[in-house]
Amino acid sequence: MALWRPDPTLYPSPRLAAKAPPEEFAYVVRIDPHGGPDALCVVDTNPRSTTYGKVVGEVQIPYGEGELHHFGWNVCSSMLCPGSTHPHLERRYLIIPDIRTSHIHVVDTKPDPTRPKIVKTIQPEEVADRAGYARPHTVHCGPDGIYVSALGTPEGDGPGGVFVLDHESFDVLGRWEIDRGDQYLHYDFWWHLGYDVMVTSEWGTPKMVEQGVQGELLMAAQYGHRLHLWDLRRRRRVEVLELGKEFQMALELRPAHNPTRAYGFVNTVVNLQDLSSSIWLWHRRNGTWTVQEVIRIPAEPAEEDQLPPILKPFRATPPLVTDIDLSVDDRFLYVSCWGTGELRQYDVSDPFRPRLVGSVQIGGIVRRAGHPASPGPLNGGPQMVEVSRDGRRVYVTNGLYNAWDAQFYPDGIRGWLVKLDTNPEGGLAFDPNFFVDFGERRAHQVRLAGGDASSDSYCFP
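In what follows, the accompanying structure is described. (Residues numbered from 1 in each chain as written. Predicted model: local features only at pLDDT ≥ 70, side-chain atom pairs only at ≥ 80, totals over all residues. Heavy atoms only, no water.)

This next bit is on the overall build of the chain. Along its length, the chain carries five helices and 30 strands. In terms of overall size, the chain behaves like a compact globule, its C-alpha atoms giving a radius of gyration of 20 Å where 461 residues would be expected to give roughly 23 Å. Dimensions of the chain along its principal axes, counting C-alpha atoms only, are 60 × 55 × 45 Å. Burial statistics for the chain: of 461 residues in total, 64% are counted as buried. A total accessible area of about 16600 Å² is found for the chain, and carbon and sulfur atoms account for 49% of it. (Helix = DSSP H or I, 4+ residues; strand = E, 2+ residues; numbered from the N terminus. Rg over C-alpha atoms; globule rule 2.2 N^0.38 Å. Buried < 20%, exposed > 50% of the residue type's maximum accessible area, 1.4 Å probe, protein only. Areas by Shrake-Rupley, 256 points an atom, 1.4 Å probe, with all protein chains shown as cover.)

Set out below in structure tokens:
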């Protein structure tokens, strides 16, 4: 929907976005691993409300045998970039792919944010016919379209890549890449708008990931371990950054929000040599891009009888870092250790020398740490993490991906959403009044009304 003036939730710079009003609702995808309908849930995040910390609305997804995963807003602050073709569109629609069936649902959050409704469903045949892709994953708004990543082809092979939706009609326009070189595996993508550079990461093809971790592929270092740099305007790959084959599954990309800063962070899930997880910094120096490891989180020793079958031979719990998030002011990096049950907060004011300044424990394969509102043992672990625009609140869920959940938590995951409050100088603590229990259903990604730390990119510092 076009407006006379730009949407007030859009900000030209991260500095101004950090001054935005607090979010009043969180949108959370809820998955039913037992075959029931998945849903988009609305959670009240206003501490002055009588329904604070409760689900106050939902819309169920009509297609079965799917799995909601990541999703994003139709527009964001990049609409205010010079040359944007759609500066007056409204942030009101959530684009929600189904990573199993390849449907994409367009959900309207207005006029009542607690009563979202599906207004369009893009069929998998349209995605395949116009883009050649399937298994849509990450959604990012850009100044010229809605970008969606895909893990691979309809046959379950590669290459995976990026396709574009029209901002107004939500029609699939086509595949984004003009020249991909030897890029085959794909996972996440994001960009440095000020440098006309896109960055993409690697996980695996649908056949490699949909049934869980395949041990023979993992031990043969067949999962992703590279970053790809692209000319954003010419849509051509220009450079590859190799992390090393032992660093398997390069996943979430978090570039600096300040467009004058040419760096960002990516996580790798597991090191084949010692089961550790790593955080890497890609950066530009003297006109050249490079990447280096800046954080390593070790595995924790464990007794064999405490571990699921996939980990028993190793007698250790890997941290399994599966998500990271960077605060809008680029100061704090949040790291989810889904295996050990720890959420870490690093001060990355100097991105080359991160400092651990905060940590909380909840769930975990062995630890099973509780929450102030639910002190008994909890399973799953910090997985998807989202940070408010002002950096004062962090939201965390515990579901990863159904097939992978079953491997690492074979007794089943009871889903939860928790909120943490942060100290401006470092440190974080659970909000004892915010614990959303989804029971046998699981929660995955969170989006905040009005925007959050991983929704928007900016053109002005």
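Attention now moves to the sheet that holds strand β2 (residues 39–44). By way of backbone hydrogen bonds, the strands of a sheet pair with one another, either parallel or antiparallel. Strand order in the open sheet formed by four strands is β3-β2-β1-β30, with antiparallel pairing between adjacent strands. Each having just a single partner strand, β3 (55–60) and β30 (442–448) make up the two edges of the open sheet. Neighbour to neighbour, the strand axes of the sheet diverge by 25 degrees on average, direction disregarded. The sheet contact formed by strand β1 (residues 25–31) and β2 spans six bridges and is antiparallel. (Pairing = 2+ DSSP bridges. Axes fitted to C-alpha atoms, helices over the stretch in contact; angles between N-to-C directions.)

The next subject is the state of the cysteines. Scanning the model with the defined rule gives one disulfide in all. Put simply, Cys 81 and Cys 459 are joined by a disulfide, and their sulfur atoms are 2.0 Å apart. In this structure, the disulfide formed by Cys 81 and Cys 459 twists by about 95 degrees around the S-S bond and is classed as right-handed. Taken together, the residues Cys 81 in the loop between β4 (72–73) and β5 (93–97) and Cys 459 in the segment after β30 connect sequence positions 378 residues apart. The exposure class assigned to Cys 81 is buried, which follows from its relative accessible area of 7%. No disulfide involves Cys 141; its sulfur sits 3.1 Å from the nearest other cysteine sulfur, which is in Cys 76. (Disulfide = S-S within 2.5 Å.)

So, on to the sheet that holds strand β15 (residues 236–242). The four strands lie next to each other as β12-β13-β14-β15, forming an open sheet whose pairing is antiparallel. Taken across any chain shown, the strands that pair with only one partner, and hence form the sheet edges, are β12 (189–192) and β15. In this sheet, adjacent strand axes meet at a mean angle of 25 degrees when their direction is disregarded. As paired elements, β12 and strand β13 (residues 197–200) share four bridges and run antiparallel to each other. If you follow Trp 191 over to β13, its bridge partner there is Met 198.

As a further point, take the pattern of salt bridges. Evaluation of the coordinates by the stated rule reveals 40 salt bridges. Of the charged contacts in the structure, one is a salt bridge between Asp 350 and Arg 353, with a shortest N-O distance of 3.2 Å. We classify Asp 350 as partly exposed; its relative accessible area is 30%. Residue classification places Arg 353 among the exposed residues on the basis of a relative accessible area of 60%. Notably, a salt bridge pairs Arg 447 with Asp 452, separated by 3.1 Å at the nearest N-O pair. The pair Arg 447 / Asp 452 is uniform in exposure class, with both members buried. A network of salt bridges, in which partner residues are shared, links Glu 90, Arg 92, Asp 108 and Lys 110. (Salt bridge = Lys/Arg side-chain N within 4 Å of Asp/Glu carboxyl O.)

What follows is about the packing of aromatic side chains. Scanning the model with the defined rule gives 17 aromatic pairs in all. Ring geometry for Tyr 27 and Trp 73: centres 6.0 Å apart, planes at 90 degrees, overall edge-to-face. Note that Tyr 27 is positioned in strand β1 and Trp 73 in strand β4, a separation of 46 residues in sequence. Judged by relative accessible area, Trp 73 falls into the buried class, the value being 5%. Seen from their ring centres, Tyr 187 and Trp 203 are 5.5 Å apart, and the 90 degrees between their planes marks the pair as edge-to-face. In this pair, Tyr 187 is assigned in the loop between β11 (172–175) and β12 and Trp 203 in the loop between β13 and α3 (206–209), connecting sequence segments 16 residues apart. (Phe/Tyr/Trp six-rings, centres within 6.5 Å; stacked < 30°, edge-to-face > 60°.)

Throughout the structure, instances matching the rule amount to four cavities of 30 Å³ or more. If you add up the space inside the largest cavity, you get close to 110 Å³. Along the wall of the largest cavity there are 13 residues; nearest its centre are Trp 191, Ala 256, His 257, Ser 457 and Tyr 458. When residues in the lining of the largest cavity are grouped by element, the largest group, three residues, is from β12. (1 Å grid on protein atoms, 1.4 Å probe; cavity = no way out; pocket = protein on both sides within 12 Å on 5 of 7 lines; lining within 4 Å. Points joined across faces, edges and corners; volume = space filled by probe spheres on them.)

With that settled, consider the environment of Asn 271. Its place among the elements puts Asn 271 in strand β17 (residues 263–271). A relative accessible area of 1% means that Asn 271 is categorised as buried. On a C-alpha basis, the gap between Asn 271 and Leu 232 in space is 31 Å, while along the polypeptide they are 39 residues apart. Sequence-distant contacts of Asn 271, that is, excluding residues within four places in its chain, are made with Glu 246, Phe 247, Ser 276 and Arg 296. A polar atom in the side chain of Asn 271 sits 2.8 Å from the backbone nitrogen of Gln 273. (Contact = heavy atoms within 4.5 Å. Polar contact = N/O pair within 3.5 Å; in protein donor to acceptor, adjacent residues only side chain to side chain.)

Across the six residues that make up strand β14 (residues 226–231), a large majority, six, are buried. What you see with β14 is no split at all: Arg 226, His 228 and Trp 230 on one side and Leu 227, Leu 229 and Asp 231 on the other are buried throughout. Judged from the four bridges that link them, β13 and β14 form a sheet pairing that is antiparallel. Each residue of the ladder has a partner; that of Val 197, found in β14, is Asp 231. As judged from the six bridges shared by β14 and β15, these two strands associate in the antiparallel manner.

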